[in-house]
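# Structural overview
In case you want the letters, here they are:
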Amino acid sequence: MTVFRNHFPFKWLAFASLSLLSTMAMAHGRWIIPSDTIVSGDTPTPVAVDFSISNDVFHPDYSYGGIPLTLLSTGQSEKRDLSSPRAKYISELMASTRFAVYAPDGSVDRSAAIVNLGRKSVSATALSQDGSYRFAVEQNPIYFTFYTDAEGELHREFGPVSDVQTWLPEGTTGIRGMKLVNRVESIVTRNAVSDIGGAASPRSGLDVLFEGHPNELFAGESAQVTVYFDGEPVEEGVTLKLTRGGTRWRNDREIIEVATNKSGQASWTWPQAGFYLLELELEKDGPSPDATKERYANYLSLEVNPE
Amino acid sequence: MRVWCIFLAAMCCSLNAFSDRIVQIEIEIPDIEASPYFRPYVAIWAESLEREPVESIAVWYQTELKPGPEGDGKKWLKDMRQWWRKLGRESPDYVDGVTGATRKPGVYQLSWQVPDSLEGAFLLNFEAAREEGGRSYQRVEVGATAQGEVKVPAENELGFITIQMESAE
């Protein structure tokens with residue numbers, strides 16, 4: 001069941017801007033785009049990646065992680081005011097950013113340097129093995145603390161409850177914590193496809209497995225996936241949102257939304273070629289006071305070939 | 001003397017049937033079900049029939065100063081792309097009397113005094129852009145007659161628009 005909805009581009013409210021509004025402000029698109037998803041030949045092939053947080057799909061807006069270009073150019077790093085707990089927390093979060101490459105033999109390499117270009121961050125790797133790689137932008141989980149101030153206004157702050165509550169003003173009520181776990185990924189294959197990153201089974205947390213292979217997608221053909229949480233197919237209807245890149249050049253975002261059935265499966269037909277961003281989210285109750293809610297969000301970039 | 005004044009006024013009116021024209025605009029910001037929902041940026045402006053910009057009638061954007069790179073929301077004014085090309089980037093219009101904060105869904109009334117220099121028919125432009133939403137743009141020709149009403153049906157980010165031409169005569 002495929003539903004087209006009228007939704008379009010925009011991003012007034014970035015993750016990095018920390019405007020205290022709704023939890024959904026975190027749902028802005030993050031993405032990683034590899035220079036290639038399919039490569040052939042016998043020599044190690046470099047593949048470059050761009051990643052960013054943006055509202056227009058695959059049009060970079062907010063970079064995250066990496067060495068600032070100014071530092072590389074001048075040897076000087078910009079002075080940042082890290083005196084506030086929020087600035088310090090975000091700085092640590094950004095510093096935890098890694099470009100992870102899961103190779104077909106099951107190994108993982110997080111050593112590639114990342115350069116921060118202000119609007120996007122970039123990195124690269126070389127594919128020395130045949131098979132399917134998983135590329136991921138990895139960060140520490142993000143903790144948020146929600147609270148109501150003495151005037152009754154709801155606020156959102158970065159950081160776990162255990163830290164944030166030490167400096168909250170008096171009269172604050174309703175303090176609760178949330179943990180956000182993002183998966184920002186794409187899949188790249190050299191020569192024949194294989195299990196992605198050498199693993200056939202779903203990973204812990206939120207995961208999507210394709211029937212067939214996500215590097216063999218063509219316009220006009222259908223895709224079928226199963227959504228898993230902690231290795232089990234999700235029971236409830238999880239919405240998968242697919243947006244083709246280039247929203248900046250069309251007034252209608254042409255979003256495809258599909259929901260999983262009781263077996264955690266969903267299917268759709270690719271309307272046309274292009275890079276698509278597949279987004280899905282799942283919220284769970286959390287075990288610790290720092291995270292009474294846990295939110296899992298996956299962002300997977302998929303390349304669909306013309307027929 | 002008094003007779004002269006009346007005579008002169010009558011002369012003016014007969015020479016320029018397009019003076020003292022007022023446009024009454026009723027515009028709806030549609031109630032769109034979206035999560036998250038952000039109020040749209042909206043620009044309304046006039047152009048000549050040759051699409052030469054005349055002036056901004058209303059520019060609604062996030063004027064509130066917020067922490068971080070977001071600032072006062074001016075960085076997204078360019079997303080009202082037609083308006084930005086015609087008036088936004090060149091003129092300080094967006095900081096004078098026509099600007100205001102974003103509006104919540106509802107129906108809003110505006111009136112605009114048509115400059116005497118703008119004779120006959122001209123174009124009214126309406127553009128709306130919403131974060132995590134879409135963009136809509138309408139261009140309407142009005143003013144060929146001194147009085148009259150034009151209705152523009154709703155389209156995505158722009159609700160219905162009613163344009164009423166009035167003449168002070």
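Structure: above.
Quantities reported herein were computed from a predicted structural model and do not represent experimental measurements.

From N to C terminus, chain B includes 2 helices and 9 strands. Along chain B, helices (α) and strands (β) appear in the sequence α-β-β-β-α-β-β-β-β-β-β when read from the amino end. The contacts of chain B with a sequence gap of at least 6 include a subset with a gap of at least 24, amounting to 61%. Of the accessible surface of chain B, which amounts to about 8,500 Å², a share of 53% is contributed by carbon and sulfur atoms.

Here we take up the environment of A:Ile187. Residue and element names in this part refer to chain A. Structurally, the position occupied by Ile187 is in strand 13 (residues 173-190). You can call Ile187 buried: its relative accessible area is 4%. Along the sequence, Ile187 and Leu82 sit 105 residues apart, while their C-alpha atoms lie 36 Å from each other. Not counting residues within four places of it along the chain, the set of residues in contact with Ile187 comprises Thr37, Tyr133, Arg134, Ile196, His213, Pro214, Asn215, Leu300 and Ser301.

Turning our eyes to something else, we now look at the pattern of salt bridges. Residue and element names in this part refer to chain A. The final tally for this structure, using the stated rule, is 21 salt bridges over all chains. Note that Glu92 and Lys88 form a salt bridge whose closest N and O atoms lie 3.4 Å from each other. Here the residue Glu92 and the residue Lys88 both occupy positions in helix 2 (residues 85-95), the gap between them amounting to 4 residues, near one helical turn. A salt bridge links Arg110 to Glu138; the nearest nitrogen and oxygen atoms lie 2.6 Å apart. Placement of Arg110 in the loop between strand 7 (108-109) and strand 8 (115-116) and of Glu138 in strand 10 (residues 131-138) is noted, with a sequence separation of 28 residues between them.

This paragraph deals with unusual backbone geometry. Excluding glycine, residues mostly carry a negative phi; peptide bonds, for their part, are mostly trans. Residue and element names in this part refer to chain A. Of note in this structure, Asp230 is not a glycine but carries a positive phi near 50°. With respect to the helices and strands, the residue Asp230 is situated in the loop between strand 15 (222-229) and strand 16 (232-233). Residue Asp230 is classed as partly exposed on the basis of its relative accessible area of 47%.

Another point: the side chain of B:Arg130. Residue and element names in this part refer to chain B. In this structure, Arg130 sits in the loop between strand 6 (122-129) and strand 7 (135-142). Accessibility expressed as a relative area gives 1% for Arg130, which makes it buried. At 2.8 Å, the side chain of Arg130 and the side chain of Glu157 are in polar contact.

With that out of the way, let us pick up helix 2 of chain A. Within an α-helix, residues lying three or four positions from one another point in the same direction, as the helix has 3.6 residues per turn. All names here are of chain A. Considered for burial, the residues of helix 2 that qualify are Arg86, Tyr89, Ile90, Leu93 and Met94. Looking straight down helix 2, one finds that the buried residues subtend no more than 135° of arc, so they occupy a single side. Buried residues along helix 2 sit against strand 11 (142-148) and strand 12 (154-158).

So, on to the packing of aromatic side chains. All told, the structure shown has 14 aromatic pairs over all chains when counted by the stated rule. Note on A:Trp268 and A:Trp270: the rings are 5.4 Å apart at their centroids and 85° apart in plane angle, and the pair reads as edge-to-face. Residue classification places A:Trp268 among the buried positions, given a relative accessible area of 2%. Overall, A:Trp270 belongs to the buried group, its relative accessible area being 1%. Seen in terms of ring centroids, B:Trp60 and B:Tyr108 are 5.5 Å apart; in terms of plane orientation they differ by 65°. Their pairing is edge-to-face. Here B:Trp60 is found in strand 3 (residues 53-60), whereas its partner B:Tyr108 is found in strand 5 (residues 106-113), with 48 residues between them in sequence. Using a relative accessible area of 3% as the deciding quantity, one classes B:Trp60 as buried. In this structure an aromatic cluster arises from ring pairing among A:Trp31, A:Phe58 and A:Phe275.

Formed by 49 residues in total, the largest nonpolar core has its most connected members in A:Ile32, A:Phe135, B:Leu77, B:Met80 and B:Trp83. Core analysis: the second largest hydrophobic core is formed by 28 residues, A:Val208, A:Ala223, A:Val238 and A:Trp270 among them.

All right, on to the pairing of strand 13 of chain A then. The side chains of a regular strand alternate, residue by residue, between the two faces of the sheet. All names here are of chain A. Of the strand pairs in this sheet, strand 3 (residues 38-39) and strand 13 are connected by 2 bridges, and their pairing is parallel. Looking across to strand 13, one finds that Val39 is bridged to Arg190. When strand 10 meets strand 13, the two strands line up antiparallel, connected through 7 bridges. Paired with Val137 across the two strands is Val184, which belongs to strand 13.

Attention shifts here to helix 2 (residues 81-88) of chain B. Residue and element names in this part refer to chain B. Most of helix 2 is tucked away, with 6 of its 8 residues classed as buried. Listing the buried residues of helix 2 in full gives Gln82, Trp83, Trp84, Lys86, Leu87 and Gly88. Looking at the packing, one finds that the buried side of helix 2 touches strand 2 (41-47), strand 3, strand 6 and strand 7.

Residues and elements named next belong to chain A. Strand order in this open sheet of 5 strands is 2-4-9-8-5, and the pairing throughout is mixed. At either margin of the open sheet sits one strand with a lone partner, and together these are strand 2 (30-34) and strand 5 (67-68). Sheet analysis places strand 8 next to strand 9 (residues 121-127), joined by 2 bridges and oriented antiparallel. Bridged to Asn116 within strand 9 is Ser121.

What follows concerns the pairing of strand 3 of chain B. Residues and elements named next belong to chain B. Sheet topology places strand 2 next to strand 3; 6 bridges connect them, and they run antiparallel. Bridge assignment links Ile44 to a residue of strand 3, and that residue is Ala58. Between the end of strand 2 and the start of strand 3, which pair antiparallel, lie 5 residues, with Arg51 showing a positive phi angle near 65°. Looking at chain direction, strand 3 and strand 4 (residues 99-100) are connected through 2 bridges and run parallel. Its bridge partner lying in strand 4, Val59 is registered against Thr99.

For the rest of this paragraph, the subject is the environment of A:Leu71. All names here are of chain A. Among the structural elements, Leu71 can be located in helix 1 (residues 69-74). Sequence spacing of Leu71 and Val115 is 44 residues, and the spatial spacing of their C-alpha atoms is 9.8 Å. Contacts of Leu71, omitting those with residues within four sequence positions, involve Gln76 and Ser77.

Parameters at a glance
Residues numbered from 1 in each chain as written. Chains lettered and ligands numbered in written order. Predicted model: local features only at pLDDT ≥ 70, side-chain atom pairs only at ≥ 80, totals over all residues. Heavy atoms only, no water. Helix = DSSP H or I, 4+ residues; strand = E, 2+ residues; numbered from the N terminus. Contact = heavy atoms within 4.5 Å. Areas by Shrake-Rupley, 256 points an atom, 1.4 Å probe, with all protein chains shown as cover. Buried < 20%, exposed > 50% of the residue type's maximum accessible area, 1.4 Å probe, protein only. Salt bridge = Lys/Arg side-chain N within 4 Å of Asp/Glu carboxyl O. Polar contact = N/O pair within 3.5 Å; in protein donor to acceptor, adjacent residues only side chain to side chain. Arc of directions from axis to C-beta. Phe/Tyr/Trp six-rings, centres within 6.5 Å; stacked < 30°, edge-to-face > 60°. Core = buried A, V, L, I, M, F, W, Y, C linked by side-chain atoms within 4.5 Å. Pairing = 2+ DSSP bridges.

Distances and angles like these do not, on their own, reveal function.
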